[in-house]
Amino acid sequence: PVIGRDATALFRNMGIGELHGKYDELLVAPENLKSQLLKYIKEETDKAKKGKKGKILLKMNSFTDRQLIDALYEAGQAGVHVDMIIRGISCLLPQIPGKTENIHVRSVVGRFLEHARVFCFGEGRSLKMYIASADWMTRNTENRVEVACPIKDKNLKVEIMSYLETQLADNQKARIMGPD
């Protein structure tokens, strides 16, 4: 019901040309998407700095937003394990010793054009998972209306995670991005 109310408010706001609104569950650009993503990355970074396991798993088409890149650099340096499945452009350079060795980027390109975007922060019972319309590009996070919807159902989280794990294990179509 809360997600439904958020969606109704979003479409009402768009209908009157109002891009700024308050949403309880949805992350909506340009209003709160980027700030919430930065908050979730920081939460994982803070966990790692305290010696706990920090984990981030991201799937999108393109990644060019400088603030989000810098936040992931900091997370990786703190010890957060970051896995990214990026179909196209990534301006984050993974596997740089002393800087991004905890960040892994792979691209899976096959015969089907795929546009899924999934953002996962943490793991187990504390896992925050979102499906979204937005790539992590400044044009998407700051200049367009984009939405990320939380996945609350445990079974659906397991199902989505199984798709992501299959892509992370791909040894046919995957390309591993290195620092070069």
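### Quick word on the sheet that holds strand β6 (residues 128-132)
In step 1: Taken together, the eight strands give an open sheet; going across it, the order is β1-β7-β6-β5-β2-β3-β4-β8, and neighbouring strands pair in mixed fashion. Either end of the sheet is taken by a strand with one partner, and the two such strands are β1 (27-29) and β8 (174-177). With strand direction ignored, the average angle separating the axes of adjacent strands in the sheet is 15°.
In step 2: Here strand β3 (residues 81-86) pairs with strand β4 (residues 103-108) via four bridges, running parallel. Looking across to β4, one finds that Ile85 is bridged to Arg106.
In step 3: In the packing of helix α3 (residues 66-78) onto the sheet, the strands contacted are β2 (55-60), β3 and β4, and the crossing angle to β4 comes to about 125°.

### Side note on α3
In step 1: If you check α3, its first and last C-alpha atoms are 18 Å apart, about what 13 residues at 1.5 Å a residue would give, namely 18 Å.
In step 2: Among the residues of α3, those classed as buried are Leu68, Ile69, Ala71, Leu72, Tyr73, Ala75 and Gly76.
In step 3: At its buried positions, α3 is contacted by α2 (33-49), β2, β3, β4 and α4 (138-142).
In step 4: Following α3 by one or two positions, Gly79 has its phi on the positive side, about 110°.

### A few points about unusual backbone geometry
In step 1: Ala29 connects to Pro30 through a cis peptide bond whose omega is 5°.
In step 2: One non-glycine residue, Gln95, adopts positive backbone phi at about 65°.
In step 3: Within the secondary structure layout, Gln95 lies in the loop between β3 and β4.

### Some thoughts on helix α5 (residues 154-168)
In step 1: The terminal C-alpha atoms of α5, which comprises 15 residues, lie 21 Å apart, in line with the 21 Å expected from a rise of 1.5 Å per residue.
In step 2: All buried positions along α5 are accounted for by Lys157, Ile160, Met161, Leu164 and Gln167. Taken end-on, α5 shows its buried residues confined to a sector of 110°, consistent with a single buried face. Seen from the buried face of α5, the exposed residues on the opposite side, beyond 90 degrees, are Asn155, Val158, Tyr163 and Thr166.
In step 3: Buried positions along α5 lie against β2, β3, β4, β5 (118-121) and β6.
In step 4: Put simply, Asp153 is the residue that caps the front of α5, since its side-chain oxygen is 3.0 Å from the backbone nitrogen of Asn155.

What counts and what doesn't
Residues numbered from 1 in each chain as written. Predicted model: local features only at pLDDT ≥ 70, side-chain atom pairs only at ≥ 80, totals over all residues. Heavy atoms only, no water. Pairing = 2+ DSSP bridges. Helix = DSSP H or I, 4+ residues; strand = E, 2+ residues; numbered from the N terminus. Axes fitted to C-alpha atoms, helices over the stretch in contact; angles between N-to-C directions. Contact = heavy atoms within 4.5 Å. Expected span 1.5 Å × (residues − 1). Buried < 20%, exposed > 50% of the residue type's maximum accessible area, 1.4 Å probe, protein only. Arc of directions from axis to C-beta. Polar contact = N/O pair within 3.5 Å; in protein donor to acceptor, adjacent residues only side chain to side chain.

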